[in-house]
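Tertiary structure, described
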Amino acid sequence: MGSWMKMIKELTIRPKGERQIRKSPAYSFDEDLKKPLSGQTVKEILSKSSDVVFREFFLQGKDRIPCMLAAVDGLVDKNLLDQFILTPLMVDLARHPELTQVTLSNVVDKTLQSLLPGLEIKKISKMREAVDAILSGDSVIFFGNLTEAIVVGARGWANRGVAEPITESIVKGPREGFSETLRINTSLLRRKIKHPSLRIISLKLGDMTNTDLVITYIEKIASPDIVSEVLKRLSKIKMDAMLGNGYIEEMIEDNPYSPFPQISFTERPDVLAGKLLEGKVGIIVDGTPIVLVVPAILTQFLNVNEDYYQRAMVAILSRFVRYVGAFMAIVAPSVYIAVTTFHQEIIPTDLLMSISAGRQGVPFPALLEALTMTVVLEILQEAGLRLPKPIGQTIGIVGALIIGEAAVTAGLVSPLMVIIIGLTAVASYAVPTFDLSLAVRLIRFPLMILAGVLGFFGVTVGLYVILIHLLGLRSFGVPYTSPIAPLRIRALLQDTFVRAPWWALKRRPQLMDVEDPRPNGKG
Amino acid sequence: MERISPHQFTTLGAAVILGTTFLPVASIVTGVGGRDGWMSVLPGFAVGIPYCLMIFSLSEQYPRKNLLQISATVFGKWIGNFIGLIYILIVAYLGGLLLGQVGDIYQVSIMPLTPLWVFFLGGIFLVLYLVKSGIEVFARFSEVVFPLIVIALLLNVGLSIPRIEQGELLPILSEGFKPIFLGTRKIMPFVMTYMLFLAGVIAFLPTGKQELSQLKKGVWRIIFLVGILDTLVVLIQLLVFGPAETIRLVYGLLVLGKLVEVSRTVAGVESLFLGVWLAAAIIKIGSLFFSVIWGLESVFGLKGVKWRHAIAVVFLGISFRFIRGPSLITEIGLVDEYLIMPFVALWIPILWGVSRWKRGAGN
Amino acid sequence: MKTERGKGHKFILRLTIIACLLFLTGCWGKKEVEDLAPLLGVGFDQGEQPGTFLVTEQFARPKKDSSSGAEIEDRTFSVEASSVREAFEKFSEVAYRTPFMGSLKVIIIGEDFAKSGDFNNILDFFQRYAEFRRSMYLVLAKGKAQDILNLKLRSGLLPAMAIKSNIEGGDEISVFPTVRLGHYLTILGTKSTAPIFPVVESVKSREGVEYKEDGKDEAGEIRIHGAGVMHGDYLADYLTDEEAKGYMWLENDVIHRLINTVDLNENSVKFGGQVLKANTKYRVKVNNDKMEIQYQIKTSIAIDEILGPQKQLSGLEWVELVKQAEKDFAKVIEKECESSIKKERELGLDFLGIGRHIEQKNSAYWKTIKDQWEAEIADFPISLEVKVTIHHSGMSSSSASNSGGEGQE
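Some words on the packing of helix H4 (residues 119-128) of chain C against helix H7 (residues 181-190) of chain C
Residue and element names in this part refer to chain C. One way to put it is that H4 packs onto H7 with a least axis distance of 12 Å and a crossing angle of 125°. Looking at the two axes, H4 sits oblique to H7. In terms of crossing hand, the pair formed by H4 and H7 is left-handed. Contacts between H4 and H7 involve Phe119, Asn120, Leu123, Phe126 and Gln127 from the former and Leu181, Tyr184, Leu185 and Leu188 from the latter.

Here's what the structure looks like:
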């Protein structure tokens, strides 16, 4: 029986090194890219796209040098280009030719040194660099037939700005959230952690999309093993597109066939900063406001950052509620099935009578009744999820109130079943992380079937299988169930089921090997 | 090589000893010790401490080796392998019997119409999954489940307090100390079974000086924790049922579970309690399963998935041979008392003595 | 690639096999809750044929009520059988639902059946079959158990449920023993103590209580009153109400009691009150070279009712009166206990568990008298010590009266 699992793995998991999903095809310009840098070739490669503009002009120095500025319309700030690049080069220079000794041979250095103001400016000499720079939103100035060019950073495009995150709304706490632009995101993070030990390492992924991403961690707090593991796994990714965090998530997680999320994400700079200070590693991808945080452990999916902004007692209560909710969301329907079809002795007689009375005339067995209702619940959730808000509410009312009430009145479903399903739904919303609540919803079905066939024996076997699975999971080398097992007593008491008050959180959590055990909140 | 932390060693050991003992213990000790039987539980378990210390001292001498490998080094290959063979047979037999008990208990108590093989298959599936996940996951499993077992036991004991009959414990020691000695003798096999597991798991324990003292402390903790829990279990049954009934009831604790009533909301918790008990049984059977694997590995050099499945088949075969509940329970008692106890009681002290003597002679 | 696909097929095959195993072999022992007939009460009477008995089983039939609550209907059958299992077989032929034993509340033993014996054989089924709980109640019936279970009570409750609630409310008055199956079995295990059961009887109008009957001369109420002492397998004798009360005191089973001194002749002022707290201890001690068991009953009582004071009392007199009340209550309790002890001596049956008490306190002595214990009961010395404390006398001191006192002429 143990070989089933293995078989699934053999069938589906390829060794991590060769996960090539899609590769970019061969292009006619592949050869061109290897040629020495030249403005003309760049123009040939890019001129088929109407959004790339080429501005040709002359630079009037000692020599009259033909120049060309290439940029993508819409990605550059035109005002910046006009004022600080074209104006100095064309107008100012032409007015004072005597000031410069610009010749074709020294034009690149002269331009860099004395002609162009501006912060982001550098010299390049490779074809590939030039093309990538243009497509990333930088402007490139080519000089005659020289094999060197200048990249000027004058990016400027429409962005959403820093807004309140939708997925992690809280009552008490900062309101800003990450946006789609990488630099804005790193700046938000930097504003939280003003310490030189914050490392931000840049990478590029995706053969065609050339997506920027950064790995961020705090030196001496994050375990170097984990950092290097992250880098290793990221560098193994070979794919042509990298359009969002989900792409990376599945490529680097430890067990892709587990229903449980092994990488956490956040949209909030304060959460990311907190996680980094716990010794975790963040992966910020350009183009998405979702930041991945590794390694992840099970209990953290049930904790939210508001716990840290609330008073400790309140936080403990709400954590307790969440754990109970998660447990109920998993087992409530299956316990109902097991109890009403196998273990009636557990129900006190009075309750037994009313359950029995409620189910008189219901045509379906409890298992089928519960399965149907849960499926209906899933459909309602799915239907309501992507609809505009006002219609979504209607779905809720029609689904929950009208269908439920009608089904009970018609005698198709027992009233207690409706209560159980409603309870399950509400309980699963108490799970704060979307990924985990998906896992909870997934687990529910096999458990219900086991309960319907084998009663509590089935439920316990199912729960133990899940438990063993969880105990065997690791996220970047950290056991998924820590600090419960392996037990880290301090972490368990401080910040797992309960949150100790801040003055008691003197040490960093021992979830992973942390290099610097220095007290955190020592004042 | 996988490692087990001292804390995991404690919970694992406690879970393995406690394992399936808390159901029959009351009936067994009361059967021989009568009203005073409860006092024999703790001394019976305490017998295990010197054995544990002997095993530790052996492991200090031969680090990262299990007791079978040590036997082979100390006694020579042939005797060592012979011991290994006996070890494997005993452990596999007991494991199969305990798997059979899973079926028996479920069928007797809460699911009378479900066929036995369902329980056997469910049990062996969990055990295989645990074994496949490795000793570390096994240790973590015990780390999570053991507290649950303790809580369930304490709840069962605590909730039964309103059902206590007057004065059932009295008179104390009316028959002198003899019943206690008899009871102790009956308890000893429980702790000897644990020695079988410890003999194998010792290879996975840390060997540092500091850790070793932690492990030794762990042993004391295990023995006392389990001893006290089992004593409580016996006590509450005596107090509620009286000695005559305690002897008569096969699974007295489950009957207690049926008696529990929590202010008219939950009527009987035996089916919930059985869920926790299942985990205990799985840990126990899993520990024996691991022992068989280690035995095969160190005696015959057999390892791999194939052999795991072969062992599972053997376990299932044994449990299917004993579908008669009463003969199963008698058989477990016989194996405990006449196979495991003499084997462990002789093997470990002799091994320890000989290895000491050899070391002394070597110097 | 080929091998992988082959494996894939194999995997799907295995999955199918598991699914088949789970779904096709049926759901073992599965029963939907609405198909169950919860068993509430069982009654045993003597059968017509020798070796058989009449089993009466009371099932509830939950029915959906219009006002979304549950209504319980009565389904009671009686069948003659020679084993309880056989009786269930016969029910199952009639009833279309599976009997569910987990909800059994009371076992009622009819008078004639109790007297004829063969009683423990019947109980074996109830302690062996896994669905039953040892917390069910055992009661004796005055008359036939069948009649009790077939009563149509004015409260609308099924008789089994009514008995259960009466027993559970018994703490309030503590006048009859509460016997669960588990307790009974434990008592049996002691060997020396004789088991005792409460007695349930139907109450017709004007038999102590008056009410408007539904039918002519039909009982519409039941009560639990007194107790019955078993000797081995059969019913030895009934205890009167007073003897049962004495038993309750001596067994330390009194939780609350309503008590009065009306029957006492020595004092013209009578008291009624409620026992707030009671505790009985016993000691086994040597008295004149002979073992003696001494009961010490300590109880706190609140006076709720005073009858017959002729005049308003001053403060000091009032204190005296309350002290008098303590003595009176103690006398009443003593009387109850003595009548119970007298009964024990008469019957030669140790339903008070005195033998067990001796064993608990002095097991060496017990071993010497164990074998002739039944003979010893008749003259084994028993002494009583009752201590009553009056906590308060309610909301007023003196009673309202119209004969002489302060404020009047």
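So, the side chain of threonine 266 of chain A
Residues and elements named next belong to chain A. Its location among the elements puts threonine 266 in strand S8 (residues 264-266). Residue threonine 266 is classed as buried on the basis of its relative accessible area of 1%. Here arginine 268 takes part through its backbone nitrogen, which lies 3.0 Å from a polar atom of the side chain of threonine 266. The contacts of threonine 266, once residues within four sequence positions are left out, are Glu168, Phe178, Val271, Leu272, Pro289, Ile290, Val291 and Val293.

As for the packing of aromatic side chains
Scanning all chains against the criterion turns up 40 aromatic pairs over all chains. Here phenylalanine 138 of chain B and phenylalanine 197 of chain B contribute two aromatic rings whose centre-to-centre distance is 6.3 Å and whose plane-to-plane angle is 75°, an arrangement assigned as edge-to-face. Placement of phenylalanine 138 of chain B in helix H8 (residues 135-159) and of phenylalanine 197 of chain B in helix H9 (residues 178-201) is noted, with a sequence separation of 59 residues between them. Under the relative-accessibility criterion, phenylalanine 138 of chain B is labelled buried at 0%. Arranged with centres 5.7 Å apart and planes meeting at 50°, the rings of phenylalanine 77 of chain C and phenylalanine 91 of chain C form a pair that is tilted. Here the residue phenylalanine 77 of chain C occupies a position in strand S3 (residues 70-81), and phenylalanine 91 of chain C occupies one in helix H2 (residues 84-94), the gap between them amounting to 14 residues. The class for phenylalanine 91 of chain C is buried, based on a relative accessible area of 2%. Put simply, the rings of Phe44, Phe53, Phe59, Phe77, Phe88, Phe91, Phe113, Phe125, Phe126, Tyr129 and Phe132 of chain C pair up and form one aromatic cluster. The ring of phenylalanine 476 of chain A is capped by arginine 233 of chain A, whose NZ or CZ atom sits 4.2 Å from the centre of that ring. The side chain of lysine 361 of chain C reaches across the aromatic face of tyrosine 282 of chain C, ending 5.2 Å from its centre.

Remarks on the domain arrangement of chain A
The domain architecture assigned to chain A consists of domain 1 (29-152), domain 2 (182-296) and domain 3 (311-478). Taken over C-alpha atoms, the centre of domain 1 of chain A sits 63 Å from the centre of domain 3 of chain A.

Section: empty space enclosed by the protein
All names here are of chain B. As enumerated under the stated definition, the model contains one cavity of 30 Å³ or more in all. For the largest cavity, the calculated volume is near 30 Å³. As for the largest cavity, its lining consists of Phe56, Ser59, Ile202, Leu205, Pro206, Thr207, Leu212 and Leu215. Secondary structure elements with two or more residues in the lining of the largest cavity: helix H4 (48-61) and helix H10 (209-248). Grouping the constituent residues of the lining of the largest cavity by class yields six nonpolar, two polar and no charged.

Rules behind the numbers
Residues numbered from 1 in each chain as written. Chains lettered and ligands numbered in written order. Predicted model: local features only at pLDDT ≥ 70, side-chain atom pairs only at ≥ 80, totals over all residues. Heavy atoms only, no water. Axes fitted to C-alpha atoms, helices over the stretch in contact; angles between N-to-C directions. Helix = DSSP H or I, 4+ residues; strand = E, 2+ residues; numbered from the N terminus. Parallel < 35°, antiparallel > 145°, perpendicular 65-115°, else oblique. Left-handed = near helix turned anticlockwise from the far one by under 90°. Contact = heavy atoms within 4.5 Å. Buried < 20%, exposed > 50% of the residue type's maximum accessible area, 1.4 Å probe, protein only. Polar contact = N/O pair within 3.5 Å; in protein donor to acceptor, adjacent residues only side chain to side chain. Phe/Tyr/Trp six-rings, centres within 6.5 Å; stacked < 30°, edge-to-face > 60°. Lys NZ or Arg CZ within 6 Å of the ring centre and 35° of its normal. Domains from an automatic or database assignment. 1 Å grid on protein atoms, 1.4 Å probe; cavity = no way out; pocket = protein on both sides within 12 Å on 5 of 7 lines; lining within 4 Å. Points joined across faces, edges and corners; volume = space filled by probe spheres on them. Nonpolar A, V, L, I, M, F, W, Y, C, P; charged D, E, K, R; others polar.

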